[in-house]
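Report on the structure
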Amino acid sequence: MHTDARKLPNNTVIEGDICIIGAGPSGISIALEWANTPYKIVLLEGGGFDYDDQIQDLYAGKTTGQKYYPLKSARLHYFGGTSNHWAGFCSNFDPIDFEKRDWVPHSGWPIKKEDLDPFYAKAHKYLELGPYDYNAANYEKLDPSLKPLLPDDTVVWNKVWKFSPPTRFGIKYRPDIVNSKNIHLYTYANVVDITANENVSAINEVTVKNFAGKTHTVKAKHFVLCCCTVQNARLLLASNKQAKNGLGNDHDNVGRYFMEHLEIKSAELYLPKVDPMKLYGFSFGVSQMRCELAISKKAQEEHKILNGTASFTPLAVAKVIKPAIQSWNSDDPRKAIDSFLGSLGAAFNSVPQSAQGTNAYELFTRIEQAPNPNSRVTLDTEKDALGVPRAMLHWELTPLEKRSIRKIYELIGQQVGKSGAGRVRLMEYLQDPNDNSWPSFTGGGWHHMGTTRMGEDPKSSVVDPNCTVHGISNLHIGGASNYVTAAAPNPTLTVVAISLRLSDHLKQIVKA
Ligand SMILES: Cc1cc2nc3c(=O)[nH]c(=O)nc-3n(C[C@H](O)[C@H](O)[C@H](O)COP(=O)(O)OP(=O)(O)OC[C@H]3O[C@@H](n4cnc5c(N)ncnc54)[C@H](O)[C@@H]3O)c2cc1C
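The shown structure was predicted, so the numbers you read here are calculated from the model rather than taken from an experiment. (Residues numbered from 1 in each chain as written. Predicted model: local features only at pLDDT ≥ 70, side-chain atom pairs only at ≥ 80, totals over all residues. Heavy atoms only, no water.)

Entries for the chain in the domain assignment read domain 1 (1-129 + 168-260 + 447-512) and domain 2 (130-163 + 262-367 + 398-437). Between the C-alpha centres of domain 1 and domain 2 there is a distance of 31 Å. On the side of domain 2, 37 residues touch domain 1, which itself brings 42 residues to the contact. Of the roughly 3300 Å² buried between domain 1 and domain 2 on both sides combined, carbon and sulfur atoms contribute 58%. Connecting domain 1 to domain 2 are 19 residue pairs in polar contact (both at pLDDT 80 or more). Breaking the side of domain 1 that touches domain 2 down by element, the ones donating at least two residues are helix 2 (53-56), strand 5 (89-90) and helix 3 (113-126). In terms of residues, the side of domain 1 that touches domain 2 owes the most to one element, helix 3, which gives five residues. Here the side of domain 1 that touches domain 2 is composed, by residue class, of 21 nonpolar, nine polar and twelve charged. (Domains from an automatic or database assignment. Contact = heavy atoms within 4.5 Å. Buried area = accessible area lost by both parts, 1.4 Å probe. Polar contact = N/O pair within 3.5 Å; in protein donor to acceptor, adjacent residues only side chain to side chain. Helix = DSSP H or I, 4+ residues; strand = E, 2+ residues; numbered from the N terminus. Nonpolar A, V, L, I, M, F, W, Y, C, P; charged D, E, K, R; others polar.)

Moving on to the site of the ligand. Around the ligand lies a shell of 37 residues, among which Glu45, His77, Thr82, Phe89 and Thr492 are the nearest. The side chain of Glu45 places a nitrogen or oxygen atom 2.6 Å from an oxygen atom of the ligand. When the ligand is considered free in solution it has 990 Å² of accessible area, and contact with the protein chains removes 97% of it. Going through the elements one at a time, helix 1 (25-33), strand 8 (190-196) and helix 13 (492-511) are the ones with two or more residues in the shell around the ligand. Split by residue class, the shell around the ligand holds 21 nonpolar, 14 polar and two charged. (Near = heavy atom within 4 Å. Areas by Shrake-Rupley, 256 points an atom, 1.4 Å probe, with all protein chains shown as cover.)

Attention shifts here to unusual backbone geometry. When glycine is set aside, most residues are seen to have a negative phi, and most peptide bonds are trans. Put simply, Pro165 and Pro166 share a cis peptide bond, and its omega is 5 degrees. Looking at where Pro166 falls in the secondary structure, it is placed in the loop between strand 6 (156-163) and helix 5 (169-172). With a phi close to 65 degrees, Asn11 is a non-glycine residue in the positive phi region. Residue classification places Asn11 among the exposed residues on the basis of a relative accessible area of 55%. Non-glycine residue Glu128 carries a positive phi angle of around 55 degrees. Counting through the fold element by element, Glu128 comes out in the loop between helix 3 and helix 4 (136-142). Relative accessible area serves as the criterion here: at 33%, Glu128 is assigned to the partly exposed category. (Buried < 20%, exposed > 50% of the residue type's maximum accessible area, 1.4 Å probe, protein only.)

This part covers the sheet that holds strand 15 (residues 376-383). If you walk across this open sheet you meet the three strands as 4-16-15, and the pairing is mixed. On the outer flanks of this sheet lie strand 4 (62-65) and strand 15, each paired with one strand and no other. Direction aside, the axes of adjacent strands within the sheet are offset by 30 degrees on average. Taken together, the five bridges between strand 15 and strand 16 (residues 389-395) define a ladder with antiparallel strand orientation. In the sheet register, Leu379 faces strand 16, and the bridge partner there is Ala391. Most of the contacts of helix 7 (residues 229-238) go to strand 15, to which it runs at about 60 degrees, and overall it touches strand 15 and strand 16. (Pairing = 2+ DSSP bridges. Axes fitted to C-alpha atoms, helices over the stretch in contact; angles between N-to-C directions.)

Among the nonpolar cores identified, the biggest contains 147 residues, and Leu44, Leu149, Leu269, Tyr409 and Ile412 are the most heavily contacted of them. Looking at this core, you find at least three residues from each of domain 1 (1-129 + 168-260 + 447-512) and domain 2 (130-163 + 262-367 + 398-437). In contact with Leu269, other than residues within four places in its own chain, are Leu149, Met277, Phe312, Asn359, Ala360, Tyr361, Leu363, Val416, Arg423 and Val424. Membership of the second largest hydrophobic core comes to seven residues, among which are Ile55, Leu58, Leu386 and Val388. (Core = buried A, V, L, I, M, F, W, Y, C linked by side-chain atoms within 4.5 Å.)

Defined simply, a disulfide is a covalent bond joining two cysteines at their sulfur atoms. Considering all chains together, one arrives at zero disulfides under this definition. Sulfur of Cys90: no disulfide; nearest cysteine sulfur belongs to Cys228 and is 14 Å away. Here Cys291 is not disulfide-linked; the sulfur of Cys90 is the nearest cysteine sulfur, at 15 Å. A relative accessible area of 0% places Cys291 in the buried class. (Disulfide = S-S within 2.5 Å.)

This part takes up helix 3. Taking 1.5 Å of rise per residue, the 14 residues of helix 3 would be expected to cover 20 Å, and the 19 Å separating its terminal C-alpha atoms lies within 8% of that figure. Along helix 3, the sharpest change in direction is near 30 degrees and occurs at Phe119. Turning to helix 3, its buried residues number three or more, namely Lys113, Leu116, Phe119, Tyr120, Ala123, His124 and Tyr126. Those residues of helix 3 that are buried are in contact with helix 1, strand 6, helix 5 and helix 13. (Expected span 1.5 Å × (residues − 1). Bend = angle between axes of the 7 residues up to and from the residue.)

This paragraph deals with the side chain of Thr451. Following the sequence through the fold, Thr451 ends up in the loop between strand 18 (443-444) and strand 19 (475-477). In terms of polar contacts, Thr451 uses its side chain to reach the backbone carbonyl oxygen of Thr229, at 3.0 Å.

Bringing the pattern of salt bridges into the picture now. Charged atoms that come close allow side chains of opposite charge to pair. Scanning the entire structure with this criterion turns up 30 salt bridges. With its nearest N and O atoms 3.3 Å apart, the salt bridge here joins Asp53 to Lys72. Residue Asp53 is located in helix 2, and its partner Lys72 is located in the loop between strand 4 and strand 5; the two are separated by 19 residues in the primary sequence. Judged by its relative accessible area of 35%, Asp53 is partly exposed. Via salt bridges that share partners, Asp53, Asp57, Lys72, Glu382 and Arg390 belong to a single interconnected network. (Salt bridge = Lys/Arg side-chain N within 4 Å of Asp/Glu carboxyl O.)

As C-alpha cells, then:
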C-alpha cells in the first residue's frame with residue numbers, strides 16, 4: 001500500500017506494529033521480510049519515487065578533516081535510497097574482520113562471521129548476486145582461463161568480488177512494496193524527531209514532516225532506523241527532548257567512529273608478457289565475479305596491518321582516470337555521478353581496446369580505516385528547511401592506514417618478485433616510511449560506516465549484538481552505522497545481511 005504523506009490531513013496519527021524509517025536497501029529488505037504476515041508494517045520514506053532537489057537538500061552538511069565528497073551528493077534521499085546510484089560491487093567480510101585485533105584500536109565485533117553467513121546467503125537473493133560462493137578455486141575450475149597471478153596463497157590470496165546488476169531497490173521492489181496488503185509505505189514522510197518515554201527506556205512515537213506543511217505522528221511497537229550512517233546518527237543526536245545528549249548517547253558514542261574505505265591508487269605491476277588478467281578484470285554489466293588480491297590472516301597478524309585489497313586497471317587507462325575525489329565535485333548527486341562516470345568512460349575510450357590487454361597494471365587499494373572516535377558526525381547549529389540541525393562530518397584517518405597500505409604492497413611485491421610473476425613499484429607517496437601525509441587524490445568509496453557501533457558494553461557502543469539501542473528496548477538500527485570495523489569489501493552486502501539478521505531477531509521478539 002502506498003500513501004503520499006503530503007496528501008493526508010494535517011496531524012494524522014498513523015499506527016502500526018513495526019515502523020521502519022528509511023527505504024533504502026536496509027529498510028526495504030527488512031520490510032519485505034514481513035510481507036504477508038499479520039503485522040502492520042509502516043515504512044516511512046523521506047522522499048518520493050523520484051529525485052527531488054528540495055528533499056535532497058536535507059542531506060547538505062559541512063565536512064572537515066580529510067577531504068570528502070559533498071554530503072548532499074554522497075547519498076540519495078528518495079525511495080530506494082542510494083541503491084539508485086550504487087555500482088553493485090559486493091564481497092563478504094573475512095572471519096578476521098570480526099575479531100579483536102590488538103593492533104587495531106576499538107576492533108572486535110560481538111558477533112562472528114558464522115552468525116552472518118546465513119543472512120549473507122539470503123542477502124544474495126535481494127541483491128541478485130547468484131550463489132553465495134566466495135571460493136576463487138570454484139570459479140577457476142569452471143573457467144580455466146581465469147588464472148591466479150601467484151602460485152600460492154599463504155601471504156597473498158585471491159578474494160572474490162561478486163557483482164549485482166546493480167539492483168535498484170526502488171525499481172525492483174516497488175511493486176512488491178506498494179502491492180503488499182500489510183506493508184504501508186508513506187512517501188514524503190521525513191522523520192524529524194523520535195520521542196521517547198519519560199525515562200527514555202522506549203520510543204513512543206516519531207514525528208514526520210514534509211514540504212506541504214504537514215506534520216504527522218507515527219506510533220508503533222517497534223521502530224527501526226534505516227536512514228544510513230550519517231542520517232542515523234543525526235536523527236539520534238537531534239532527538240534530544242528527553243535525553244539531552246540525544247538518544248542512545250549517554251556515553252557520547254553516537255556519531256563517533258565514522259568509517260570509510262580508503263580508495264587510492266598505490267602501485268604499478270609489470271608482467272613479463274601481455275596478460276589480460278581475466279581473473280581480476282571487470283566489465284560493467286557483464287562481469288559476475290572477479291578477484292582482488294588480499295593479505296592472509298597470518299600476514300595481517302604478523303605485520304599488524306589493516307585488511308585491504310588491491311584491484312587491477314590497465315596502466316595506460318589508469319593514468320588518465322581523474323581521481324573520484326576530484327571528479328565527484330558537485331553538490332547535486334546527478335551532476336556528480338555524471339562527472340564521475342564521464343571521466344571514467346573518457347579514460348577507457350582514450351586508450352584503444354588493443355592497448356588494454358597489457359603487461360602493465362595499476363594496483364588500486366580498497367582498505368578499511370581503523371575505528372577512530374575522532375572521525376565523527378555531529379550536529380551543526382544551522383538547521384535544514386524542516387527544522388532539523390544539519391549533519392557535520394569530520395573524517396579523520398590515522399597513520400595505521402598509511403603503514404598498512406605500504407606493507408600490503410611490499411608483501412604483494414615480494415610475492416610477485418619471488419614467484420617470477422613480474423615486479424611491483426610502489427607509488428611515490430608510499431616510499432617514505434616516516435611520511436604519514438595523504439596525497440591530493442586520496443578518496444573514499446562513498447561507503448559510510450560506524451556512528452552507532454555494535455557492542456556488548458553500553459559504555460563503548462550504541463547498539464547491542466541484536467542491533468537494539470542499549471537501554472531503549474524498541475529502538476533498533478539497520479545498516480552500516482552498526483559496523484564496528486569496516487573490513488575491505490564494499491558495504492551493501494553486509495548492510496543487507498545485518499538488516500535481515502535484525503529482522504529475524506524482531507520476528508522472535510514480536511511473535512513471543
Ligand atoms: C556512487 C556510489 C557508488 C556506490 N557503489 C557501491 C558498490 O559498488 N558496492 C556497495 O556495496 N556499496 C556501494 N555504495 C554504497 C551503497 O549505496 C550503500 O551502502 C547503501 O545504499 C546503503 O543502504 P541503506 O539502506 O543503509 O542507506 P540508503 O541507501 O542511503 O537509504 C537510506 C534511506 O533512508 C531515507 N531517509 C533518510 N533520512 C530519512 C528521514 N529522516 N526520514 C525518512 N526517510 C529517510 C532516504 O531517503 C533513503 O531512501 C555506493 C554509493 C555511492 C554513492
